[in-house]
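The primary structure of each chain is shown beneath.
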2 protein chains.
Amino acid sequence: MKNPQKKCLAAGMKRTPQRLAVLAYLDGNTSHPSAEDVYRALSKRNPTLSFATVYNTLNALTETGTIGELTIDPERRRFDPNTMPHHHLICIQCKKIVDIMKDITVELPADSAKGFSISGSHVEFYGYCSRCGSKRRPQ
Amino acid sequence: MKNPQKKCLAAGMKRTPQRLAVLAYLDGNTSHPSAEDVYRALSKRNPTLSFATVYNTLNALTETGTIGELTIDPERRRFDPNTMPHHHLICIQCKKIVDIMKDITVELPADSAKGFSISGSHVEFYGYCSRCGSKRRPQ
DNA sequence: CTGGCTGCAAATCTTTTGCATCCTG
DNA sequence: CAGGATGCAAAAGATTTGCAGCCAG
């Protein structure tokens, strides 16, 4: 289940060149690209690739759970090939998003669950990345 | 600093009827409304209120930190008058978003911080709310 | 072959902006 | 009374959709 070919099959989708290109681009990619990022990166080598197909592919892969969708950026949707539950570090200044693969256990007291049956959690840490932090002047 | 009038002043903004209406609607509102939600709710009683003004007002209030902006919904921006740091419960099915005011301490091991200087964190808990959970059939 | 997939362009939806007028401070 | 705020409509982005032709299974 590591390579794009198998991921396509697993999702019950036809293995078209466009989809394989999208999957190859996403494979191991930790940049949390938007649909446009994917399109721009691929259209150089695949001149006939269309925006609609990128969106269709990303949506199909998201629906089958083959890739994940991030809700971190209010401007646009971002996609994440890493479907393992994980968390994120977000730079307040440059908006860079970095994965945290470490398992973080978050306890929610039963009296705060408001009747929800909780199946997972996602933590976003906000701060300055090393680059932006060092550029800030001491206040 | 509890009422809309004072919030407007605090933000250095003129107290126009439109802004006071937006602030009054948001005051104590825990429904995390989108700009359209705000517009629809207010346009009934304020027929001349325009979409642009709602957006301008929400943006201005967000920039001054008078209200907060949620990044939970990939479809649209949502706003939250509650500026205290807090967390959220999200129903996977009906998408309802519920506040958790309880302070949750999340530890991030130093070796996972990737050079970030962390200033805050936000936890999203996913699951089924009481209504959706009871409607699910046992698999 | 056949149904799913693609590319294109147009449509839709959310959010922003230009501008003349209005009104708060 | 001046500058910020409003309303309108148009623009700008992001995403979706209709449709005719194409190609993977």
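Quick caveat: nothing in here was measured; it's all calculated off a predicted structure.

K.L.:
Break down the confidence of the model for chain A for me, citing the residues and quoting the values.
P.N.:
For chain A, per-residue confidence averages 89 on the pLDDT scale, and 89% of positions sit at 70 or higher. Per-element confidence in chain A is highest for strand β2 (residues 78-80) of chain A, whose mean pLDDT is 97, and lowest for helix α1 (residues 4-10) of chain A, whose mean pLDDT is 63.

K.L.:
Just give me the short version of the interface of chain A and chain B, but keep the residues and values in it.
P.N.:
Opposite the 38 residues of chain A that make contact, chain B presents 38 residues. Between chain A and chain B lies a buried interface of about 3200 Å² when both sides are counted; carbon and sulfur atoms form 62% of it. At the junction of chain A with chain B, the criterion picks out 0 salt bridges. Applying the counting criterion to the chain A and chain B interface returns 12 residue pairs in polar contact (both at pLDDT 80 or more). Put simply, the parts of the chain that give the side of chain A that touches chain B at least two residues each are β3 (87-91), β4 (97-100) and β5 (117-128) of chain A. Pairing analysis gives 11 bridges linking β5 of chain A to strand β5 (residues 117-128) of chain B, with the strands arranged antiparallel.

K.L.:
How would you sum up the relation of the copies chain A and chain B? Please name residues and give values.
P.N.:
Rotating chain A by 179° about the axis while translating it 0.0 Å along that axis superimposes it on chain B, leaving an RMSD of 0.1 Å. Look at the turn and shift together and you get a two-fold axis relating the two. Nearest to the rotation axis, the C-alpha of Val 123 of chain A is located 2.3 Å from it, this being the minimum over chain A. An overlap of 100% is found between the interface residues of chain A and their copies at the interface of chain B, pointing to a shared contact surface.

K.L.:
Could you give an account of the environment of Leu 49 of chain B, with specific residues and numbers?
P.N.:
Within the secondary structure, Leu 49 of chain B is located in the loop between α3 (35-43) and α4 (51-63). Using a relative accessible area of 5% as the deciding quantity, one classes Leu 49 of chain B as buried.

K.L.:
Explain the side chain of His 122 of chain A to me, using residue names and the numbers behind them.
P.N.:
Relative to the elements of secondary structure, His 122 of chain A occurs in strand β5. In contact with His 122 of chain A, not counting residues within four places along its chain, are Ile 72, His 86, His 87 and His 88 of chain A together with His 122, Val 123, Glu 124 and Tyr 126 of chain B.

K.L.:
Before we move on, can you summarise the environment of Thr 83 of chain A with the specific residues and values?
P.N.:
All names here are of chain A. Note that Thr 83 resides in the loop between β2 and β3. Of the residues examined, Thr 83 reaches a relative accessible area of 48% and is grouped as partly exposed. Along the primary structure Thr 83 and Thr 48 are separated by 35 residues, whereas in three dimensions their C-alpha atoms are 29 Å apart. Excluding anything up to four places from it in sequence, Thr 83 contacts Gly 65, Thr 66, Ile 67 and Gly 68.

K.L.:
How would you explain the environment of Gly 28 of chain B if you had to name every residue and give the values?
P.N.:
Its place among the elements puts Gly 28 of chain B in the loop between α2 (17-26) and α3. Taking C-alpha positions, Gly 28 of chain B is 7.5 Å from Asn 82 of chain B, a pair spaced 54 residues apart along the chain.

K.L.:
With reference to specific residues and values, describe the protein's contact with DNA strand C.
P.N.:
Within the structure, DNA strand C sits among 18 residues, and Arg 19, Thr 48 and Thr 53 of chain A together with Tyr 55 and Arg 77 of chain B are positioned closest to it. Atoms of DNA strand C within 4 Å of the protein belong to the sugar or the phosphate in 77% of instances, the rest to bases. Here a base nitrogen of DNA strand C and a side-chain polar atom of Lys 14 of chain A are 3.0 Å apart. Within the side chain of Gln 18 of chain A, an N or O atom sits 2.9 Å from a sugar or linking oxygen of DNA strand C. When residues of the surface near DNA strand C are traced back to their parent elements, those giving at least two are α2 (17-26) and α4 (51-63) of chain A together with α4 of chain B. When residues in the surface near DNA strand C are grouped by element, the largest group, 4 residues, is from α4 of chain B.

Cut-offs used in this document
- Along each chain, numbering runs from 1 in the same order as the chain's sequence is written.
- For this description, chains carry letters from A and ligands carry numbers from 1, given in the order in which they are written.
- Predicted model: local features are reported for residues with pLDDT of at least 70 only, side-chain atom pairs are reported and counted for 80 or more only, and whole-chain, interface and lining totals are derived from all residues.
- Side-chain calculation: all heavy atoms of the structure are included, whereas hydrogens and water are not.
- Confidence scores labelled pLDDT are given residue by residue by the predictor and lie between 0 and 100.
- Segments assigned H or I by DSSP are reported as helices when at least four residues long, segments assigned E as strands when at least two residues long, and all are numbered from the N terminus.
- We call two residues in contact when some of their heavy atoms are within 4.5 Å.
- Two parts placed together each lose some accessible area under a 1.4 Å probe, and adding up what both lose gives the buried area.
- Note on definitions: salt bridges are taken to be side-chain nitrogens of Lys or Arg within 4 Å of carboxyl oxygens of Asp or Glu.
- Any pair of nitrogen or oxygen atoms within 3.5 Å is treated as a polar contact; in protein, a donor-acceptor pairing is required on top of that, and neighbouring residues in sequence qualify only through side-chain atoms on both sides.
- Here, strands pair whenever DSSP counts at least two bridges between them.
- Superposition of the copies was done by least squares, using only C-alpha atoms of residues whose pLDDT is at least 70 in both.
- Residue burial is assigned from relative accessible area. The probe radius is 1.4 Å, only protein chains are included, and a residue is buried under 20% of its type maximum, exposed over 50%, and partly exposed in between.
- It suffices for a single heavy atom of a residue to lie within 4 Å of a molecule or strand for the residue to be listed as near it.

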